[in-house]
Amino acid sequence: GLEPDEVTFKILVDGYGKVEPPDWGKISRLLNLMELTYEIPPSTMTYNGLLSICARTRDYERAYELIDRMDAASIEPDHQTLQIVHEKKALRGYLRKVFSGTRLNYDPTM
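Remember, predicted model here, so these are calculated numbers, not experimental data.

Enquirer: Just to check I follow, could you spell out unusual backbone geometry for this structure?
Expert: The general pattern is negative phi for most residues beyond glycine and trans for most peptide bonds. For the bond from Glu20 to Pro21, the omega torsion is -10 degrees, close enough to zero to count as cis. With phi around 55 degrees, Ser74 is a residue other than glycine that occupies positive phi space. Mapped onto the elements of the fold, Ser74 is located in the loop between α4 (60-72) and α5 (79-86). Given the relative accessible area of 58%, Ser74 is considered exposed.

This is the structure in structure tokens:
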């Protein structure tokens, strides 16, 4: 049969993230299902979707936790990550602090 992939889960997470307020309970269950049942580790794509929800809703504490998880799992931010945090000074600064030096190709003029 058909098996879901990370894109499938990201689409579902995005949907639950668009409701007001975001349904973090369902998002958390989806991520657990993705990781534990289907053994799909979250990548930058998944974290970008989650960070986008946090940035939109100004949920900075959750965003800091996600950035810390990315770091702990050695998941590198990409250009989209930088676009997501660009307008949110607190998130941009925290991402830069966590992924400092050569690990983050960050253009402050962005």
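Enquirer: Any chance you could explain the pattern of salt bridges here in plain terms?
Expert: Opposite charge on two side chains lets them pair, provided their charged atoms get close. All chains considered together, the criterion is met by five salt bridges. A salt bridge links Asp14 to Lys10; the nearest nitrogen and oxygen atoms lie 2.6 Å apart. Of this pair, Asp14 and Lys10 both sit in helix α1 (residues 6-18), four residues apart, which is roughly one turn of that helix. Between Arg56 and Glu20 there is a salt bridge, with the nearest N and O atoms lying 2.4 Å from each other. Of this pair, Arg56 sits in helix α3 (residues 44-57) while Glu20 is found in the loop between α1 and α2 (24-37), placing the two residues 36 residues apart along the sequence.

Enquirer: Teacher, can you tell me more about α2 here?
Expert: Side chains of residues three or four places apart in an α-helix project in the same direction, reflecting 3.6 residues per turn. For α2, built from 14 residues, the straight-helix expectation of 20 Å at 1.5 Å per residue is met to within 8% by its first-to-last C-alpha distance of 19 Å. Residues Trp24, Ile27, Leu30, Leu31 and Met34 constitute the buried set of α2. Along the axis of α2, the buried positions cluster into a sector of 120 degrees, meaning they face one direction only. For α2, exposure combined with an orientation more than 90 degrees from the buried face picks out Arg29, Leu36 and Thr37. In this fold, the buried residues of α2 make contact with α1, α3 and α4. Following α2 by one or two positions, Glu39 adopts a phi angle in the positive range, close to 55 degrees.

Enquirer: How do you make sense of the packing of aromatic side chains when you look at a structure like this?
Expert: Aromatic ring pairs are described here by two measures, namely the spacing of the ring centres and the angle between the planes. Counted by the stated rule, this structure contains two aromatic pairs. Ring centres of Phe9 and Tyr38 lie 5.9 Å apart, and the angle between their planes is 55 degrees; this geometry places the pair in the tilted category. With Phe9 in helix α1 and Tyr38 in the loop between α2 and α3, the pair connects residues that are 29 residues apart, well separated along the chain. With relative accessibility at 3%, the residue Phe9 sits in the buried group. Accessibility expressed as a relative area gives 31% for Tyr38, which makes it partly exposed. Residues Tyr64 and Tyr94 carry aromatic rings whose centres are separated by 4.6 Å and whose planes lie at 40 degrees to one another, so their mutual orientation is tilted. Note that Tyr64 is positioned in helix α4 and Tyr94 in helix α6 (residues 89-98), a separation of 30 residues in sequence. For Tyr64, a relative accessible area of 21% translates into the label partly exposed. In this arrangement the basic side chain of Arg62 is found over the ring face of Trp24, its NZ or CZ atom lying 4.1 Å from the centre.

Conventions and cut-offs
Residue numbers run consecutively from 1 along every chain, following the written order of its sequence. Thresholds applied to this predicted model are a pLDDT of at least 70 for local features of residues and 80 or more for the giving and counting of side-chain atom pairs; totals over whole chains, interfaces and linings are not thresholded and use all residues. The basis for every side-chain value is the complete set of heavy atoms in the structure, and neither hydrogens nor water enter the calculation. Strands are runs of DSSP state E lasting at least 2 residues, helices are runs of H or I lasting at least 4, and numbering of each runs from the N terminus. For each residue, the accessible area found with a 1.4 Å probe, counting protein chains only, is set against the maximum for its type, and the residue is called buried under 20%, exposed over 50%, and partly exposed in between. Should a side-chain nitrogen of Lys or Arg be within 4 Å of a carboxyl oxygen of Asp or Glu, the pair is scored as a salt bridge. Given a helix with a known number of residues, its expected span is that number minus one, times 1.5 Å. To be clear, the arc concerns the directions from the helix axis to the C-beta atoms. Residue contacts follow a heavy-atom distance rule, with two residues in contact if any of their heavy atoms lie within 4.5 Å. To pair, rings of Phe, Tyr and Trp, with the six-membered ring standing in for Trp, must have centres within 6.5 Å; the planes then decide the type, stacked if under 30 degrees apart, edge-to-face if over 60, and tilted in the middle. A positively charged side chain is recorded as over a ring if its NZ (Lys) or CZ (Arg) lies within 6 Å of the ring centre. The angle to the ring normal must also be within 35 degrees.

By themselves, these observations are geometric and do not establish any function.
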